[in-house]
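Here's the letter readout for the chains.
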Amino acid sequence: MVGIFLNIDEDDNSHSILNGNKGINSNKDINESTTLSKKETTREAESGLAVTIGEKEAEIKKKFGQPNRVDVSAYGYDWWIYNQNADSYFQLAMENGRVVSAYGIGDEVNISPFKVGQPIDEIYSSVYVEPSVDIETDGGSYRFELSEEDMNMRPIVKIGDIYAQLYLDKMTGTLSSVRFLNKETLLKQRPYELTYSGELMKVDELSEAEWSQVEEGNERQIFDISNIMRKRFNVPALQWDEQTAEVAYLHSYDMSDSDYFSHVSKTQGDLEDRLEKGKVTYHSAGENIAAEYVDAIAVMEGWLNSKGHRDTLLNKEFTHLGVGVYEKYYTQNFIKP
């Protein structure tokens, strides 16, 4: 008996869980006064990943040792991956010899002033989250506008001179992970709707070879974070399957190349057809897809907050995973051989 698990009901370009694209609007009047809360910015962190922002490579190596691997990003920095085990997993983004962003998801990682698993109500009682974030640089003025969904799943708060993007697990009502970043990196990623005057923060266009490196890094991070999330919910870890990963990659490429977003390809068929063409043998299989998220971190937290994708991600029946990323199209194929 063969089982196929898909999220057909959510298969739509407009579905924000699947499509992370945000609007960018030029507005010369962005500096007009607005009514904002006068509550103080969250006080500066004194320990943990937050204080690594701005630190030099040598300081990081002295504190944490050499990273287990280095992944290239699409935003001009390299991710230093510390993945000794699921409980201590974190990533540091290194650009021009200094940390510009840090991500913590392991249960034992110090993400002060927050904590993985912290109840959302507790977070909101200790920090104030605004529906808009204003940033000034020498190049212009910028305002990020958070939607209701952003506020419920990925709000952002200012801590001293840096920002903390809080990834909330709406199903459990707790904090799933945190991304700390400086304002330049936030402006490069543009994870929320942006209105600006002046110049947009430039991100260098990538060559085909550079995109290939970025894609490989995102694939490995998706695999790592998938197993961290499964461990959190007492689900056995998945093994990497290269043949299945190739099938996943070809689907991400096909969606980009043919300009569609669906589990079903007009030329390659559905998941069952594609696995058969890839000579993957299995008893059951499932698939998650997404597009236009900034990176592996964002797409994983997006899948976790969509019931259909979450059910596939945390399905105890699956034992192997193949991940395929093409630019900003993402595919996970799960199987049980």
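All of these numbers come straight from a predicted model, not from anything done at the bench.

Conventions and cut-offs
- Residues numbered from 1 in each chain as written.
- Predicted model: local features only at pLDDT ≥ 70, side-chain atom pairs only at ≥ 80, totals over all residues.
- Heavy atoms only, no water.
- Phe/Tyr/Trp six-rings, centres within 6.5 Å; stacked < 30°, edge-to-face > 60°.
- Helix = DSSP H or I, 4+ residues; strand = E, 2+ residues; numbered from the N terminus.
- Buried < 20%, exposed > 50% of the residue type's maximum accessible area, 1.4 Å probe, protein only.
- Core = buried A, V, L, I, M, F, W, Y, C linked by side-chain atoms within 4.5 Å.
- Contact = heavy atoms within 4.5 Å.
- Expected span 1.5 Å × (residues − 1).
- Polar contact = N/O pair within 3.5 Å; in protein donor to acceptor, adjacent residues only side chain to side chain.

Caption draft 1: Spatial organisation of the packing of aromatic side chains. Per the counting criterion, the structure on display carries 12 aromatic pairs. Judged by centre distance (6.4 Å) and plane angle (15°), the rings of Y142 and Y196 are stacked. Placement of Y142 in strand β8 (residues 140-145) and of Y196 in strand β12 (residues 193-198) is noted, with a sequence separation of 54 residues between them. Summarising the burial analysis for this pair, Y142 and Y196 share the class buried. Seen from their ring centres, F318 and F334 are 5.6 Å apart, and the 25° between their planes marks the pair as stacked. Taken together, the residues F318 in the loop between α9 (307-313) and β15 (320-326) and F334 in strand β16 (residues 329-336) connect sequence positions 16 residues apart. Judged by relative accessible area, which is 1%, F318 ranks as buried. Residue classification places F334 among the buried positions, given a relative accessible area of 0%. These aromatic residues form a ring-pair network of at least three members: F64, Y82 and F90.

Caption draft 2: Seen up close, the nonpolar core. L92, I111, F114 and F180 are the most contacted members of the largest nonpolar core, which totals 43 residues. Tallying contributions element by element places strand β10 (residues 162-169) first for this core, with five residues. Beyond its immediate chain neighbours, meaning those up to four positions away, F180 contacts L49, A50, I53, V100, S101, A102, I111, S112, I159, I162, Y163 and A164. Membership of the second largest hydrophobic core comes to 38 residues, among which are I105, I225, A298 and V323.

Caption draft 3: Region of the structure containing helix α6 (residues 242-258). The first and last C-alpha atoms of α6 sit 24 Å apart over 17 residues, in line with the 24 Å expected at 1.5 Å per residue. Of all the residues in α6, the buried ones are T244, A245, V247, A248, H251, S252, D254 and M255. In the core, the buried residues of α6 are packed alongside β13 (239-240), α7 (271-277), β14 (284-291), β15 and β16. Taking the backbone nitrogen of Q243 as reference, a side-chain oxygen 3.4 Å away marks D241 as the first, capping residue of α6. A positive phi of about 55° marks D259, the residue just after α6.

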